[in-house]
Amino acid sequence: MSAPASGDLQRTIDAVWRIEAPRLIAGLTRMVRDVGLAEDLAQDALVVALESWPQSGVPDNPGAWLMATAKHRAIDLFRRGETLQDKQQQIAHRLEQDLAAGASSDPTAEAAAAAQVGDDLLGLVFMCCHPVLAIEARVALTLRLLGGLTTDEIARAFLTPRATVQQRIVRAKRTLSAARVPFEVPAGDELAERLPAVLGVIYLVFNEGYAASAGEDWTRPELCEDALRLGRILAELMPREAEVHGLAALMELQASRLRARRGPDGAPVLLLDQDRSRWDLLLIGRGLKALDRAEALSRGGLGPYTLQAAIAACHARARVPELTDWERIVALYDGLAALTGSPVVELNRAVAVAMAFGPAAGLELVDALADAPELAGYHLLPSVRADLLARLGRREEAYAELTRAAGLAGNEPERRLLLERAAGLAGGG
Amino acid sequence: MRFMVMVKATPDSEAGTLPSEEMLAAMGRYNEELAKAGVMVAGEGLHSSARGARVQFSGASRTVVDGPFAETKELVAGYWMFQCKSLEECIEWVKRCPNPMPTDSEIEIRQVFEAEDFGDEFTPELREQEERIRAQIGDEAR
């Protein structure tokens, strides 16, 4: 037994693991046809690294080292297996051939290997976001296997007990095995069918960082960064898919406002109140570029993420709030509403209409949504209504709506904000 | 966190020597790998300091000094902006970079300051609804 890794080396190994784990697990899943087993093998390789690297030093190509180690473990495992199935024997044989061939330094082989890594990662993406899994399981598995997050990190990010996340991941892997979900990138119509689930998982992670659904923090920027990274990876892996770029654009543009979105005490600062000099120009530039690409690739109309990115771009382009092109935003919401038929989108559209054409026009639309079952218990409906009522001088009604909204809000800073606004109305401010 | 990864200048880069085709290809592969890992958010190569200038400050006076500048090893020949989880991760990525110069060379990593200091511009008065929308986000509402 070797000495445990020192602090520095431990951090280096953590970093190597974060970089290598997704491709390692993806490549192994393709070879052994089971994502649970693939992760176990990768973890075994990590344990071997932790034992031997303190003495031998970190190898020049740690990824190749870990992969070779994991393949050896797989061969041992299959050869030792009590029931020697033909299939396992075949896999073991192929792994041995692979190892014997070794890494090639020939550029063509290198390019082929790089392409294989891309395909493997995409296969893993679609597996983690497979519809056979519940949405929470998709999120946990994606963050764990593709985002390189530990179970602890996922638990902290979602304010969920560690054991729950652990269970979720274990069960998800079992479900995938039991359902014999193939390791592949869907093509054609199936791709169009399955892609929204993948984008949905990434955007859900982003949203949880952008506006936490519960807890003391209003935003969790690290979660936004994880989602952004996944979105950027996907855009590189699927460069021809308009909505992939649309999602990347949407997240880049929204993330560009993250640091302007929190006041000094952590309280929310709303879009029109934000100090726009704090917006991140690098991210805005990336977002606008991704949006261009999404629009250029869109055939037969813009998809929902591209439309939302186009709306975000209207804000990003306005140096001061007064320059916001609200009429264009309304038009984009028209498109989004037609596509989704969602009352939540309608509610946003109503806000845009109020900005473009006055609060009365907006209120009319909001009132039409009062009975939408999807919005029952949703704090934003009374909150939007209160704002419009206040602007029309109907302060008592506005006060009542704000109090109602505060009672429905999920996170603390947001709730406090609503109560403060109510107090402001009551105090004649 | 974000890191600025700076390729330091060498006598070659300061002389304006262009990289070989082989180097360009290797760097292209590296850049692709960075992009595919979602790590690189920006990057540019810089002309030699002969095409640059310095503005020196002293009280109210400003003095412009034209390039080139002598202290080659202190100059920057190009940079990337990386988004990483830690300095260690950034170092691991930089170690994978092909030597950017035909001679010995150096890459310097610096963490970008994240403006957590928000000052007092925060105004509690709200003019717009801020919303959290799970299924479909609206910018208007938040």
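The coordinates are above.
Starting from 1, residues in each chain are numbered consecutively following that chain's sequence as written. Numbering of ligands from 1 and lettering of chains from A proceed in the order in which they are written. Reporting in this predicted model follows two pLDDT cut-offs: at least 70 for local features of residues, and 80 or more for side-chain atom pairs to be given and counted; totals over whole chains, interfaces and linings ignore these cut-offs and use all residues.

**Quick word on the overall build of chain A**
Thinking step 1. Per the secondary structure count, chain A includes 19 helices and zero strands.
Thinking step 2. Overall size of chain A, expressed as C-alpha extent along the three principal axes, is 80 × 50 × 40 Å.
Thinking step 3. By the burial criterion, 47% of the 429 residues in chain A qualify as buried.
Thinking step 4. Each residue is represented by a C-beta atom placed from its backbone, and any two residues with such atoms within 7 Å are regarded as in contact. Long-range contacts, defined as pairs at least 24 residues apart, comprise 60% of the intrachain contacts of chain A with a sequence gap of at least 6. Under the DSSP-based scheme used, a helix requires at least four consecutive residues in state H or I and a strand at least two consecutive residues in state E, with every element numbered from the N terminus. To assign burial, the other C-beta atoms lying within 10 Å of each residue's own C-beta are counted, with C-beta atoms placed from the backbone; 20 or more indicates buried, 12 or fewer indicates exposed, and intermediate counts indicate partly exposed.

**Focus on the packing of helix α15 (residues 343-357) of chain A against helix α17 (residues 380-391) of chain A**
Residue and element names in this part refer to chain A.
Thinking step 1. Under this scheme, a helix contributes an axis fitted over its contacting stretch, all axes are lines through C-alpha atoms, and angles between N-to-C directions fall in the 0 to 180 degree range. In contact at an axis separation of 11 Å, α15 and α17 are set at 10 degrees when each is read in the N-to-C sense. Our classification of the angle between α15 and α17 gives roughly parallel. Note on element contacts: α17 touches α15 through Leu380, Leu381, Val384 and Leu388, opposite Leu347, Ala350, Val351 and Ala354.
Thinking step 2. In this classification, Asp, Glu, Lys and Arg are treated as charged, Ala, Val, Leu, Ile, Met, Phe, Trp, Tyr, Cys and Pro as nonpolar, and every other residue, Gly included, as polar. Of the residues assigned to the contact of α15 with α17, the class counts are eight nonpolar, no polar and no charged. Here the angle decides the label: under 35 degrees means roughly parallel, over 145 means roughly antiparallel, 65 to 115 means roughly perpendicular, and every other value means oblique.

**Things to note about the pairing of strand β4 (residues 61-66) of chain B**
Residues and elements named next belong to chain B.
Thinking step 1. Counting buried positions along β4 gives zero out of six residues, so the element sits mostly on the surface.
Thinking step 2. Here, any two strands with at least 2 DSSP bridges between them count as paired. Here six bridges tie strand β3 (residues 53-58) to β4, and the two strands are oriented antiparallel to one another. Bridge pairing links Gln56 to Thr63 in β4.

**Description of the sheet that holds strand β2 (residues 40-45) of chain B**
The strands making up a sheet associate through hydrogen bonds between their backbones, and the pairing can be parallel or antiparallel.
All names here are of chain B.
Thinking step 1. Taken in spatial order, the four strands line up as β2-β5-β1-β6 in an open sheet, and their pairing is antiparallel. In this open sheet, the two edge strands, each paired with only one partner strand, are β2 and β6 (107-111). For this sheet, the mean angle separating the axes of adjacent strands, direction not counted, is 15 degrees.
Thinking step 2. Strand direction decides the pairing type here: strand β1 (residues 2-8) and β6, joined by five bridges, are antiparallel.

**Thoughts on the nonpolar core**
Thinking step 1. Judged by nonpolar contacts, the single largest core of 140 residues is most densely connected at A:Ala42, A:Ile202 and A:Ala309.
Thinking step 2. For this core, the leading source of residues is helix α1 (residues 7-32) of chain A, giving 12 residues. The term nonpolar core refers to a group of buried residues, namely Ala, Val, Leu, Ile, Met, Phe, Trp, Tyr and Cys, whose C-beta atoms join them within 7 Å.

**Notes on helix α10 (residues 221-237) of chain A**
The periodicity of an α-helix, 3.6 residues per turn, causes residues three or four places apart in sequence to face the same way.
Thinking step 1. Relative to the 24 Å expected for 17 residues at 1.5 Å per residue, α10(A) spans 24 Å between its end C-alpha atoms, a close match to the ideal helical length.
Thinking step 2. Among the 17 residues of α10(A), 13 are classified as buried, and the element is accordingly described as predominantly covered. The span expected for a helix works out to 1.5 Å for each residue beyond the first.

**Considering unusual backbone geometry**
Thinking step 1. Cis geometry marks the peptide bond from B:Gly67 to B:Pro68; its omega dihedral reads 0 degrees.
Thinking step 2. Note that B:Pro68 resides in the loop between β4 and β5 (76-83).
Thinking step 3. A positive phi angle, close to 65 degrees, is found at A:Arg33, a residue other than glycine.
Thinking step 4. In this structure, A:Arg33 sits in the loop between α1 and α2 (35-56).
Thinking step 5. Even without being glycine, A:Leu159 reaches a positive phi, approximately 50 degrees.
Thinking step 6. Given 14 C-beta atoms within 10 Å, A:Leu159 falls into the partly exposed group.

**Brief notes about the environment of B:Ala53**
All names here are of chain B.
Thinking step 1. Here Ala53 shows up in strand β3.
Thinking step 2. A residue is classified by how many C-beta atoms lie within 10 Å of it, and Ala53, with 10 of them, is exposed.
Thinking step 3. Expressed as a C-alpha distance, the spacing of Ala53 and Pro68, which sit 15 residues apart in the sequence, is 7.8 Å.
Thinking step 4. Ignoring sequence-local partners within four residues, the contact set of Ala53 consists of Val64, Val65, Asp66 and Gly67.

**Focus on the environment of A:Val205**
Residue and element names in this part refer to chain A.
Thinking step 1. Within the fold, Val205 resides in helix α9 (residues 188-210).
Thinking step 2. Val205 sits in the buried class, given 26 other C-beta atoms within 10 Å.
Thinking step 3. Taking the C-alpha atoms as reference points, Val205 and Leu143, 62 residues apart in sequence, are found 8.6 Å from one another.
Thinking step 4. With sequence-adjacent residues up to four places away left out, Val205 is seen in contact with Val139, Leu143, Leu223, Asp226 and Ala227.

Fair warning: the whole summary comes from geometry, so function is off the table for now.
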